[in-house]
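# Architecture and fold: a report
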Amino acid sequence: MRLTQLRSFHAVATSGSFTRAAQALHVSQPTVTTQVRQLEDLYQVELFHRTGRRVRPTEIGERLLQLSRQIFGLETEAVQLLRDAGELRSGHLRVAAVGPSHVTKMLVAFNQRYPGVQVTVSTGNSQDVLDRLLDYSADVGVLAQVFKDKRFVSVPYSEHPVVIFCSATHRFARRRSIRTAELQGERLILREPGSTTRKAIESALKAAKVEPQVVMEVASREIIREAVVQGVGVAAVSEVEYVPGPGLHAVRISDAQVRTFAHVVCLAERREMRMIRTFFEAIGMEG
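Structural notes, computed from the coordinates. The model shown is predicted, which means the values in this text are computed figures rather than measured ones.

Quick notes on the rules
- Residues numbered from 1 in each chain as written.
- Predicted model: local features only at pLDDT ≥ 70, side-chain atom pairs only at ≥ 80, totals over all residues.
- Heavy atoms only, no water.
- Pairing = 2+ DSSP bridges.
- Helix = DSSP H or I, 4+ residues; strand = E, 2+ residues; numbered from the N terminus.
- Salt bridge = Lys/Arg side-chain N within 4 Å of Asp/Glu carboxyl O.
- Core = buried A, V, L, I, M, F, W, Y, C linked by side-chain atoms within 4.5 Å.
- Buried < 20%, exposed > 50% of the residue type's maximum accessible area, 1.4 Å probe, protein only.
- Contact = heavy atoms within 4.5 Å.
- Expected span 1.5 Å × (residues − 1).
- Axes fitted to C-alpha atoms, helices over the stretch in contact; angles between N-to-C directions.
- Parallel < 35°, antiparallel > 145°, perpendicular 65-115°, else oblique.
- Nonpolar A, V, L, I, M, F, W, Y, C, P; charged D, E, K, R; others polar.
- Phe/Tyr/Trp six-rings, centres within 6.5 Å; stacked < 30°, edge-to-face > 60°.
- Lys NZ or Arg CZ within 6 Å of the ring centre and 35° of its normal.

Pairing of strand E6 (residues 152-167) with strand E11 (residues 248-253), which is carried by five bridges, proceeds in the antiparallel orientation. Within the sheet, the bridge partner assigned to Val 163 lies in E11 and is Arg 252. Taken together, the two bridges between strand E7 (residues 177-178) and E11 define a ladder with parallel strand orientation. Paired with Ser 177 across the bridge in E11 is Arg 252.

This paragraph deals with the pattern of salt bridges. Opposite charge on two side chains makes pairing possible when the charged atoms of those side chains draw close. Using the criterion set out here, one finds 16 salt bridges in the structure. The shortest N-O distance in the salt bridge between Arg 37 and Glu 40 comes to 3.3 Å. Placement of the pair is Arg 37 and Glu 40 together in helix H3 (residues 29-43), with a separation of three residues, close to one helical turn. Taking the shortest distance from any N to any O, the salt bridge between Glu 40 and Arg 50 comes out at 3.2 Å.

Inspection of the secondary structure assignment puts Ala 208 in the loop between helix H7 (196-207) and strand E9 (213-217). Here the alpha-carbon distance between Ala 208 and Thr 180, two residues 28 residues apart in the chain, equals 6.9 Å.

Next up on the list: the nonpolar core. The biggest cluster of nonpolar side chains holds 21 residues, and the ones touching the most others in it are Leu 93, Phe 110, Val 140 and Phe 279. Elements with a contribution of two residues or more to this core: strand E3 (92-97), helix H5 (100-113), strand E5 (140-143), strand E12 (259-267) and helix H9 (274-282). In terms of residue count, H9 provides more of this core than any other element does, five residues in total. Leave out the neighbours within four places in its chain, and Leu 93 touches Phe 110, Val 117, Gln 118, Val 119, Thr 120, Asp 139, Val 140, Met 275 and Phe 279.

Attention now goes to helix H1 (residues 3-15). Over its 13 residues, H1 runs 18 Å from end to end, which matches the ideal 18 Å to within 8%, given 1.5 Å per residue. Residues of H1 that are buried include every one of Gln 5, Leu 6, Ser 8, Phe 9, His 10, Ala 11, Val 12 and Ala 13, and no others. Packing partners of the buried residues in H1 comprise helix H2 (18-25), H3, strand E1 (48-51), strand E2 (54-57) and helix H4 (59-86). At the C-terminal side of H1, Gly 16 shows a positive phi close to 75°.

Between H1 and H3, the shortest axis-to-axis distance is 8 Å and the interhelical angle comes to 110°. As judged from the angle between their axes, H1 and H3 are roughly perpendicular. Counted together, Thr 4, Gln 5, Leu 6, Ser 8, Phe 9 and Val 12 of H1 and Val 32, Gln 35, Val 36, Gln 38 and Leu 39 of H3 form the full contact between these two elements. In the contact of H1 with H3, the residues fall into six nonpolar, five polar and no charged.

Let us look at the packing of aromatic side chains. If you walk through the whole model with that rule in mind, you get five aromatic pairs. With 5.3 Å between their ring centres and 40° between their planes, Phe 9 and Phe 48 make a pair best called tilted. Residue Phe 9 is found in helix H1, and its partner Phe 48 is found in strand E1; the two are separated by 39 residues along the sequence. Under the relative-accessibility criterion, Phe 9 is labelled buried at 0%. With relative accessibility at 0%, the residue Phe 48 sits in the buried group. Taken together, the ring pairs connect Phe 9, Phe 18 and Phe 48 into an aromatic cluster. If you follow Arg 271 out to its NZ or CZ, it ends over the ring of Phe 280, 4.0 Å from the centre.

Written out as structure tokens, the structure is:
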């Protein structure tokens, strides 16, 4: 059975006329008559009772009509789904990010322009983000580091100073800023190796020939925060990720440009996909 034959049958059954069916399908009446006859001959069935100009489905024709309504109803839904997705009235954008602070502003901008698109966000370290892009489980990624890899397109989005935060009882707690040299011998809690914040602060310390006392290496922001509150040591954090709270105080580093960056990344092969291209446009990164 060909879909054109079923379509002709459906048009005749719903309109009650071969003439009206031909008009609806924008074909000639003999074409519709031939396609319906071919369907009847193929399966050796009678689909219509033909009485003069009157046409009405037989019992098997009625049963087939129920199925054809479902088939063409689903076809209409499929067309609408694709049309809505193409015009971004619906769809699903999957974002992988190294942290919520880097991506929130982007998601707000995108949602304001395309409220019908569902957005899901997963978080992880930089390698997690890249892996999700590579296996197509994420469409765009948000990283805090620059890297060179021809498989990806990476566009700078924003930059953020790194601050030092300490407990409310620490000697820095009454200060607005400190010099890098004041971290000499200071008990310092570091993020895990590979952290962009860690790389930024270690680079600044090395340039200033300052050696703090590293007391912990912790991957969890929450654990670091609690350790600082308890007076275990001080820690570095991107200012955009710092959450003020009881028992905490943040100071800037006055004599060094210690910064992290947010970069939006996607697979180079997918850069011109409608959803991805529109995301870059919505957050002001049309390039």
